[in-house]
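This is what each chain is made of:
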Amino acid sequence: AIEEANHGPAMPYGADPITRRVEARLAEIFETEVAVFPVATGTAANALCLSAMVPPFGAVYCHEEAHVQVDECGAPEFYTGGAKLIPLPGDHGKIDATVLAATIAGTGNVHAVQPAAVSLSQSTEAGTVYGRDEVGAVAEVARAHGLGLHVDGARFANAVAAGNHSPAELTWKAGVDALSFGATKNGALAAEAVIFFRPDLAETMPFRRKRAGHLFSKMRFLSAQLEAYLRDDLWLRHARHANAMAGRLAAGLSALPGAKLSHPVEANEVFVRLPEAAIAAL
């Protein structure tokens, strides 16, 4: 797909027909109009997405093991201009709506960061998956406090493939405002997309993406990956296969004497505690 995009003339900076087709395809997949901004990395997608939702004095509630909290070198804080991440505990990588509701504080207090957004990882860093009702419960708390809801979907395909819910049911229909839609972890060379389900959140995104260095002059090469990824549900076929292989690996490991899975294997990640004898043998 990338090689094919290298033939013939094309307008730069995302004004090419491939990018337009990707936008239309994502609107079809999510069953609604969406604002789409391709970028090259998941960190850029998350940081820029949150920057459009959160002021410099804002707070973002996330799981204590979330990628935005642990693995992005302060990018969300940098691109929001100084917003604070508030890490929350939770079993198997998930935020519990009740814990979230009890933690949100500081509204109107000039001495505290102001609650602004919640960020979920789907699937989680533990390889578990939020069901539609779980997303909805978090969204209900967020709405009650006037917060935006972002989903880090680096492994969103695996979450969709793991359950019986459509992409729309796991996002905007459940109350999600914005999604970092991942492709790199599911087969692409380097391609992600920021997707806004609320048009007002997208207003400043063209400038934020340019300022961050992710408005590629040859955007068609990112979009070509996304178009191939989404064609004929390739993204879901890849994810189903990866999930199945994780299940197969988990079953084999669980059969080892003394081995114990740390989390339920619901997507494509496996965390296992092995006995010392097995580690030494490996």
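Preceding this paragraph is the structure being described.
Quantities reported herein were computed from a predicted structural model and do not represent experimental measurements. (Residues numbered from 1 in each chain as written. Predicted model: local features only at pLDDT ≥ 70, side-chain atom pairs only at ≥ 80, totals over all residues. Heavy atoms only, no water.)

Trainee: Help me understand the packing of helix α1 (residues 17-30) against helix α9 (residues 220-230), please; the structure alone is not making it clear to me.
Mentor: Think of two packed helices as two axes; the pair is described by the angle between the axes and how far apart they sit. Viewed as axis vectors pointing N to C, α1 and α9 meet at an angle of 35°, and their least axial separation amounts to 8 Å. Between α1 and α9 lies a crossing of left-handed hand. Where α1 approaches α9, its residues I18, T19, R21, V22, R25, L26 and I29 are matched on the opposing element by R220, S223, A224, L226, E227 and L230. Here the contact of α1 with α9 is composed, by residue class, of 7 nonpolar, 2 polar and 4 charged. (Axes fitted to C-alpha atoms, helices over the stretch in contact; angles between N-to-C directions. Helix = DSSP H or I, 4+ residues; strand = E, 2+ residues; numbered from the N terminus. Left-handed = near helix turned anticlockwise from the far one by under 90°. Contact = heavy atoms within 4.5 Å. Nonpolar A, V, L, I, M, F, W, Y, C, P; charged D, E, K, R; others polar.)

Trainee: I keep staring at the pattern of salt bridges and nothing clicks. Help me out?
Mentor: Pairing between side chains becomes possible if they bear opposite charge and their charged atoms approach one another. Evaluated as defined, the whole model comprises 12 salt bridges. Among the ionic pairs, E227 bridges to R21, the shortest N-O distance being 2.5 Å. Remark: R21 occurs in helix α1 and E227 occurs in helix α9; sequence separation between them is 206 residues. By relative accessible area, which is 17% here, E227 ends up buried. For R21, a relative accessible area of 43% corresponds to the partly exposed category. For R132, the salt bridge is made with D133, and the minimal N-O distance between the two is 3.8 Å. (Salt bridge = Lys/Arg side-chain N within 4 Å of Asp/Glu carboxyl O. Buried < 20%, exposed > 50% of the residue type's maximum accessible area, 1.4 Å probe, protein only.)

Trainee: I tried to follow helix α2 (residues 42-51) on my own but got confused; where do I start?
Mentor: Extensive coverage of α2 is indicated by the burial of 8 of its 10 residues. Here α2 has its buried residues at A44, A45, N46, A47, L48, C49, L50 and S51.

Trainee: Is there a simple way to explain the side chain of E227 in this structure?
Mentor: Among the polar contacts made by the side chain of E227, one reaches the side chain of R21 at a distance of 2.5 Å. Filtering out sequence-adjacent residues up to four positions away, E227 remains in contact with I18, R21 and V22. (Polar contact = N/O pair within 3.5 Å; in protein donor to acceptor, adjacent residues only side chain to side chain.)

Trainee: Even after reading the chapter, I still don't get the pairing of strand β4 (residues 114-121), so can you show me in this structure?
Mentor: Two faces make up the sheet, and in a regular strand the side chains alternate between them. For β4, a buried count of 8 out of 8 residues is recorded, marking the element as mostly surrounded by other parts of the structure. The sheet contact formed by strand β2 (residues 58-63) and β4 spans 5 bridges and is parallel. Looking at the pairing, C62 lines up with S119 of β4. The sheet contact formed by β4 and strand β5 (residues 148-153) spans 5 bridges and is parallel. Bridge assignment links A117 to a residue of β5, and that residue is G148. You can see the chain leave β4, run along helix α6 (residues 132-144) and come back into β5, and the turn it takes is right-handed. (Pairing = 2+ DSSP bridges. Right-handed = clockwise from strand over helix to strand, strands pointing away.)

Trainee: It is not clear to me how the state of the cysteines should be interpreted in this structure. Could you clarify?
Mentor: Two cysteines joined by a covalent bond between their sulfur atoms form a disulfide. According to the stated counting rule, one finds 0 disulfides in the structure shown. C62 provides the cysteine sulfur closest to C73, a residue in no disulfide bond, and the two sulfurs are 16 Å apart. Judged by its relative accessible area of 84%, C73 falls in the exposed class. (Disulfide = S-S within 2.5 Å.)

Trainee: Where do I start with the sheet that holds β2 in this structure?
Mentor: Hydrogen bonds between backbone groups are what pair the strands of a sheet, and the pairing can be parallel or antiparallel. A sheet is described by the order of its strands in space; here 7 strands give the open sequence β1-β7-β6-β5-β4-β2-β3, paired in mixed fashion. Since the sheet does not close on itself, it has two edges, and those belong to β1 (35-39) and β3 (84-88), each with one partner. Looking at each pair of strands side by side, their axes are set apart by 20° on average, direction ignored. In this structure, strand β6 (residues 178-182) lies alongside strand β7 (residues 192-196), joined through 5 bridges in antiparallel fashion. Bridging from a neighbouring strand, A178 pairs with F196 of β7. Lying on the sheet, α1 is in contact with β1, β6 and β7; it crosses β6 at an angle near 115°. Strands in contact with α9 are β1, β6 and β7; relative to β1, the strand with the most contacts, it is inclined by about 115°.

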